[in-house]
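Secondary and tertiary structure notes
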Amino acid sequence: MAKEQDGSPKLRHPEFQRMRVTLTIGVIGLCVTSYILGAWQGTSNSIKPSFISTKTRCHDLARSSGARLDFQAHHRVTFNESSLGVEKFPPCQLKYSEYTPCQDPRRARKFPKKMMQYRERHCPKKEDLLRCLIPAPPGYKNPFEWPKSRDYAWYNNIPHRELSIEKAVQNWIQVEGDLLRFPGGGTMFPHGADAYIDDINALILLNDGNIRTALDTGCGVASWGAYLMKRNIITMSFAPRDSHEAQVQFALERGVPAMIGVMGSERIPYPARAFDMAHCSRCLIPWNKLDGIYVIEVDRVLRPGGYWILSGPPIHWKRHFKGWERTEEDLKQEQDEIEDLAKRLCWKKVVEKGDLAIWQKPINHIECVDSRKVYDAPQICKGNDVDSAWYKKMETCISPLPYVKTEDEVAGGALEQWPIRASAVPPRITRGSVPGLTPEKFQEDSKLWSERVDHYKKLIPPLGKRRYRNVMDMNAGMGGFAAALIKYPLWVMNVVPSGSPHDTLGVIYERGFIGTYQDWCEAFSTYPRTYDLIHADNIFSGYQDRCDITYILLEMDRILRPEGTVIIRDTVEVLGKVQAITEGMRWKSQIMDHESGPFNPEKILVAVKTYWTGKPTQKQ
């Protein structure tokens, strides 16, 4: 039959040849159409809302539980495990469950106590890095959702009773069965942070949107920052890892921003003109010593017109001197020295009432420059590296404010009130202070991240709910990711890698967000299991030639809570390497398409850290 058709004269006729060509073109067209439809369908499937779901189990108080992955990706990058030799990372010993690599108390003993140097960052050498997974303590449970987490935590998550005994009178923490309760007390506000904040609000207005970012030095369990949140004020709280066990860990378990940190010999890792308000409540910092270096550092990070609030020694010393076990003469001298230092910094004493004293930084340095003829010290610093704050020594000179022409002009530019501040073009961009960034690029970046977060919500439906509270952006840029999440009950630790081509951390603070500098070849200044969601935009492309990215991933695992989520954006080649490493880390992951479709070489890896804990029988 085939032979008869091959010899048929009909197939040689021009009309049939034209039909044959038409048929061939039609088939090719159908093939192309089918491929495009298939690609579109694959992309649609890759963002099914069922990607991550959460379950709820019954306890005395509500608790969110196991995350489940349901990936349907168009593009999936896989590797042959045997050819790559995928490393399976074992659990570390249980004694490392609260390991803080750069604030290890054993390593700290090797450094001088002068200026608290032993409590600063001292990271392990390469040969001392742990190549294992930090275990959660036995009985670990997912933290309560905000706002319940502000007042409650599971005892097994942070099994420490020291503060409940040592600070019992001050109402920091109370142990109630398998729960920890935080009544909101503090050393100088035993009746509660809310009442204490009301006292501050009676002296300076906190509710009009002019004060958005705050700094709490020596924060305790960060109750001051916790209760400021309902007034739309976000606080960067820090305290050292010291004899008061796990202060910062308690804060983050509550869903309150905090870092391990100390005012020692180095600048605190924040840019100049970052905070609207700084606070010390009996934080035990010797403000009047060392030529006033610590007050000068607070001056560096306060924005023009910002406030410094001090309660505790030596304020109201006539009433408290017996309880503080110090002489009246000693306390009076300390206060006199602080008052004198504030004048030499050109600060204005706003008010002193009860246990509170408040000073205000000038809005520019016109008068301050002139006053240097009167005051020998401190002088205005000669250099302009005022934002440099990563392993940078403190100085005893005043960080210069940007130049202004008139006495009523705010140095560096006035900020909008919150929440307009979050979307307004920051003054550092409008004034060209960050090379390469323009108002147009800022607007484009804001639009881009709004679209990306909309895409993330399709990949991770809990993102728009209460599943995540503590969020970290490892490469925050201009803060677009945080701005796009502003309407959700979460906060973002915006990290700008040290040595970035653009130092944008000052821009982020001008938008009303918080963040820090960080070198991701080192560990972050936090306890294990303190973040619910970690976002990493092109981190691994930037670091793969600087250090072993395996240790960056192990650090992410250390600070991520069990059942926490990671979003990593990068090229498909880099994500392939990353995914191969995470296969040995007890993560469940999937490489997904870029929001623009399957043909973009940049992809998105979404992963969930599985739930597991250390075993009680492990040797301590």
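Residues numbered from 1 in each chain as written. Predicted model: local features only at pLDDT ≥ 70, side-chain atom pairs only at ≥ 80, totals over all residues. Heavy atoms only, no water.

Let me state the cut-off plainly: UniProt positions are given in the numbering used here, feature names are shortened, and annotations may be inferred rather than shown by experiment.
As annotated in an unreviewed UniProt entry, the chain is Methyltransferase from Urochloa decumbens. Among the UniProt annotations of the chain, the heading Sequence similarities (unreviewed entry) holds the following wording: "Belongs to the methyltransferase superfamily."

1. Digging into the overall build of the chain
Here is the rule we go by: Helix numbering and strand numbering both begin at the N terminus, where a helix is a DSSP run of H or I of at least 4 residues and a strand a DSSP run of E of at least 2. Working definition: with a 1.4 Å probe on protein chains only, accessible area under 20% of the residue-type maximum means buried, over 50% means exposed, and in between means partly exposed. What makes two residues a contact is simply this: any of their non-hydrogen atoms within 4.5 Å. Only the protein chains shown count as cover for residues, with accessible areas throughout obtained via the Shrake-Rupley method and a probe of 1.4 Å.
Looking only at helices and strands, one finds 20 helices and 21 strands in the chain. Within the chain, the proportion of its 620 residues that are buried is 56%. Counting only contacts in the chain whose residues sit at least 6 apart along the sequence, the fraction spanning at least 24 positions is 70%. Surface exposure of the chain reaches about 27,600 Å², of which carbon and sulfur atoms provide 52%.

2. A closer look at the packing of helix α19 (residues 549-559) against helix α20 (residues 572-582)
Worth spelling out the cut-off: For helices, the fitted axis covers only the stretch in contact; all axes are lines through C-alpha atoms, and the angles between them, taken along N-to-C directions, range from 0 to 180 degrees. The cut-offs work like this: below 35 degrees is roughly parallel, past 145 is roughly antiparallel, 65 to 115 is roughly perpendicular, and the gaps in between are oblique. In a left-handed crossing the near helix is turned counterclockwise from the far helix by less than a right angle, and in a right-handed crossing that turn is clockwise.
Where α19 meets α20, the axes come as close as 10 Å, and the angle between the chain directions of the two elements is 60°. As the angle between them shows, α19 and α20 are arranged oblique. Judged by the sense of rotation from one axis to the other, the crossing of α19 with α20 is right-handed. Here α19 contributes Ile549, Thr550 and Leu553 to the contact with α20, which in turn contributes Val578, Ile581 and Thr582.

3. Describing the pattern of salt bridges
Defined as follows: Salt bridges are defined as contacts in which a side-chain nitrogen from Lys or Arg sits within 4 Å of a carboxyl oxygen from Asp or Glu.
Throughout the structure, instances matching the rule amount to 34 salt bridges. The partner of Arg303 in a salt bridge is Asp276, and the shortest N-O contact between them spans 2.3 Å. One end of the pair, Arg303, is in strand β12 (residues 302-311); the other, Asp276, is in strand β11 (residues 275-281), with 27 residues separating them in the sequence. Of the two residues, Arg303 and Asp276, both sit in the buried class. For Asp330, the salt bridge is made with Arg326, and the minimal N-O distance between the two is 2.9 Å.

4. Digging into unusual backbone geometry
At the junction of Pro313 and Pro314, the peptide bond is cis and its omega measures out at 5° in the coordinates. Of note, Pro314 is situated in the loop between β12 and α10 (317-320). Looking along the chain, the bond that leaves Ala377 and enters Pro378 is cis, with omega of -5°. Mapped onto the elements, Pro378 comes out in the loop between α12 (366-371) and α13 (420-423). A positive phi angle is found at His316, which is not glycine, with a value near 60°.

5. Focus on the packing of aromatic side chains
Rules: Pairing of aromatic rings covers Phe, Tyr and Trp, the last through its six-membered ring, and needs centres within 6.5 Å; plane angles under 30 degrees mean stacked, over 60 mean edge-to-face, and all others mean tilted. Geometrically, a lysine NZ or arginine CZ counts as sitting over a ring once it is within 6 Å of the ring centre and also within 35 degrees of the ring normal.
Taken as a whole and assessed by the stated rule, the structure comprises 15 aromatic pairs. Plain terms: the ring middles of Tyr270 and Phe275 are 5.6 Å apart, the flat faces sit at 90° to each other, and that makes the pair edge-to-face. The exposure class assigned to Tyr270 is buried, which follows from its relative accessible area of 1%. Through successive ring pairs, a cluster of aromatic residues spans Trp287, Trp308, Trp347 and Trp359. Just above the ring of Tyr118 sits the side chain of Lys113; from NZ or CZ to the centre is 5.6 Å.

6. Quick word on the sheet that holds strand β7 (residues 179-181)
Across a sheet, paired strands are connected by hydrogen bonds in the backbone, their directions being either parallel or antiparallel. Applicable threshold: Think of it this way: DSSP has to see at least two bridges between two strands before they count as a pair.
Taken together, the three strands give an open sheet; going across it, the order is β5-β7-β6, and neighbouring strands pair in antiparallel fashion. Because the sheet does not close on itself, it has two edges, and the strands there are β5 (152-154) and β6 (174-176). If you compare each strand with its neighbour and ignore which way they point, the axes differ by 30° on average. As judged from the three bridges shared by β5 and β7, these two strands associate in the antiparallel manner. Looking at β7, one finds that Trp154 is bridged to Leu179.

7. Let's talk about the sheet that holds β11
The strand order β10-β9-β8-β11-β12-β14-β13 describes an open sheet built from seven strands, whose pairing is mixed. The sheet is open, and its two borders are formed by β10 (258-260) and β13 (348-353), each paired with just one other strand. The average angle at which neighbouring strand axes cross in this sheet is 20°, direction not considered.

8. Notes on the layout of surface pockets
In plain terms, the rule: The distinction between a cavity and a pocket rests on a 1 Å grid over the protein atoms alone: a 1.4 Å probe fits inside a cavity but cannot get out, while a pocket stays open yet meets protein on both sides within 12 Å along at least five of seven lines, and a residue with an atom within 4 Å of a point counts as lining. Grid points are joined across faces, edges and corners, and a volume is the space filled by probe spheres set on the points. Residues are grouped as follows: Ala, Val, Leu, Ile, Met, Phe, Trp, Tyr, Cys and Pro are nonpolar; Asp, Glu, Lys and Arg are charged; every other residue, Gly included, is polar.
Within this model, the largest pocket holds a volume of roughly 570 Å³. Looking at the largest pocket, it is lined by 33 residues, and the ones nearest its centre are Gly218, Gln247, Arg282, Cys283 and Leu284. Within the residue set of the lining of the largest pocket, elements represented by two or more residues are β8 (213-217), α7 (223-228) and β11. Residues of the lining of the largest pocket, tallied by class, amount to 16 nonpolar, 12 polar and five charged.

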